[in-house]
Amino acid sequence: DYLVKDEVDFMTDHTVLTSFASRLLHSPYKFDAEFSTPTIPDFGISKSFKESKRHLHMAKCVHCGWWFQPQFDMIVFPGVGKGQELKELTKYQIIQNDISSAYLECPHCGVPTDESLQHEHREFVIENPNDNFVEIGYHIQPFSVPNIQPVPNILTERPNYARWVDYSNNVLGEDDADASDSFTREEVETFFDSTIPQSDDRTGFLGTDVGLTFHYMVVKESSDGVVYIPDFGTIPLQRIEKEL
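Please read all numbers here as calculations on a predicted model, not as lab measurements.

*Asks:* Would you explain the pairing of strand E1 (residues 2-6) in this entry?
*Replies:* Within a regular strand, side chains alternate between the sheet's two faces. Residues of E1 alternate between two faces, with Leu3 and Lys5 buried on one and Tyr2, Val4 and Asp6 left unburied on the opposite face. Pairing analysis gives five bridges linking E1 to strand E2 (residues 31-35), with the strands arranged parallel. Paired with aspartate 6 across the two strands is phenylalanine 35, which belongs to E2. On the question of chirality, the crossover connecting E1 to the parallel E2 by way of helix H1 (residues 16-21) is right-handed.

Written out as structure tokens, the structure is:
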């Protein structure tokens, strides 16, 4: 009656989600829920959330009454910086300054507004009320649990991640990506050529990831300099040695 899929962004084979859903065909309830730390935009949980009635956890400033969605850019670390200036925060800066003084600043009145993160000042607001999606999505941030993750704690985690995108995904709960995470469709398509040269005896290169399922691609270059892909696909772990 109730299907729960956790950390869907980290599954090696997303087609299995469809197989899971088939188990609910007999149920009169068909409850279906997905949870995950987000990764790249428009993939996995990010795509599911985008295609839902999107609920954002908004806060009402206790000083000016302005409604806002808490963001990293609103964090102020006295003596160090604010928002984007804190993206490269180091442990040395935390040691040299009082991290407990860090706070969330209201984007409207500019006053410290950590108190606005408390439950009595928060409300889930539908971002797209006119869309006809059946699914209902909720964006949960560390700001949603200020008594467990107060603002100074959120900031303290920054130096523990070498890349901003990893911090953004795992700590802030935001979908994010940098140039090392993905290629644009246009970049990938420039390497595809449907014409396989008559002579295919040139040295090629094999690229593969590692997991329960190996995704591989063979790349070669013809004598006239055209890059082409004669073979690509997936191989289950138990067959990898034989297939290679």
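*Asks:* Help me out: how do you make sense of the side chain of lysine 53 in this one?
*Replies:* Within the secondary structure, lysine 53 is located in strand E3 (residues 53-60). Buried charge without a partner: lysine 53 forms no salt bridge, and the closest opposite charge is aspartate 131, 7.1 Å away. Excluding anything up to four places from it in sequence, lysine 53 contacts Ile126, Asn128, Pro129, Asn130, Asp131, Phe133, Glu135, Ile136 and Gly137.

*Asks:* Honestly, the sheet that holds strand E11 (residues 213-221) in this entry has me stumped. Any pointers?
*Replies:* Within a sheet, each strand pairs with its neighbour through backbone hydrogen bonds, oriented either parallel or antiparallel. If you walk across this open sheet you meet the three strands as E10-E11-E12, and the pairing is antiparallel. This sheet does not close on itself; its edge strands, each paired only once, are strand E10 (205-208) and strand E12 (227-236). Each neighbouring strand pair of the sheet contributes to a mean axis angle of 20 degrees, computed without reference to strand direction. When E11 meets E12, the two strands line up antiparallel, connected through eight bridges. By the bridge assignment, valine 218 is partnered in E12 with aspartate 231.

*Asks:* Hey, could you run me through the sheet that holds strand E5 (residues 75-77) in this one?
*Replies:* If you trace the three strands from one edge of the open sheet to the other, you get E6-E5-E7, paired in antiparallel fashion. What marks the edges here is a single partner per strand, and that holds for strand E6 (81-82) and strand E7 (103-104). Both E5 and E6 contribute to a ladder of two bridges, which runs antiparallel. Looking at the pairing, valine 76 lines up with lysine 82 of E6.

*Asks:* Just checking my understanding: could you explain the environment of arginine 202 for this structure?
*Replies:* On the secondary structure map, arginine 202 appears in the loop between helix H6 (185-189) and E10. In sequence terms arginine 202 and glutamate 174 are 28 residues apart; their C-alpha atoms lie 44 Å from each other.

Thresholds applied
Residues numbered from 1 in each chain as written. Predicted model: local features only at pLDDT ≥ 70, side-chain atom pairs only at ≥ 80, totals over all residues. Heavy atoms only, no water. Buried < 20%, exposed > 50% of the residue type's maximum accessible area, 1.4 Å probe, protein only. Helix = DSSP H or I, 4+ residues; strand = E, 2+ residues; numbered from the N terminus. Pairing = 2+ DSSP bridges. Right-handed = clockwise from strand over helix to strand, strands pointing away. Lys, Arg positive; Asp, Glu negative; His and termini not counted. Salt bridge = Lys/Arg side-chain N within 4 Å of Asp/Glu carboxyl O. Contact = heavy atoms within 4.5 Å. Axes fitted to C-alpha atoms, helices over the stretch in contact; angles between N-to-C directions.

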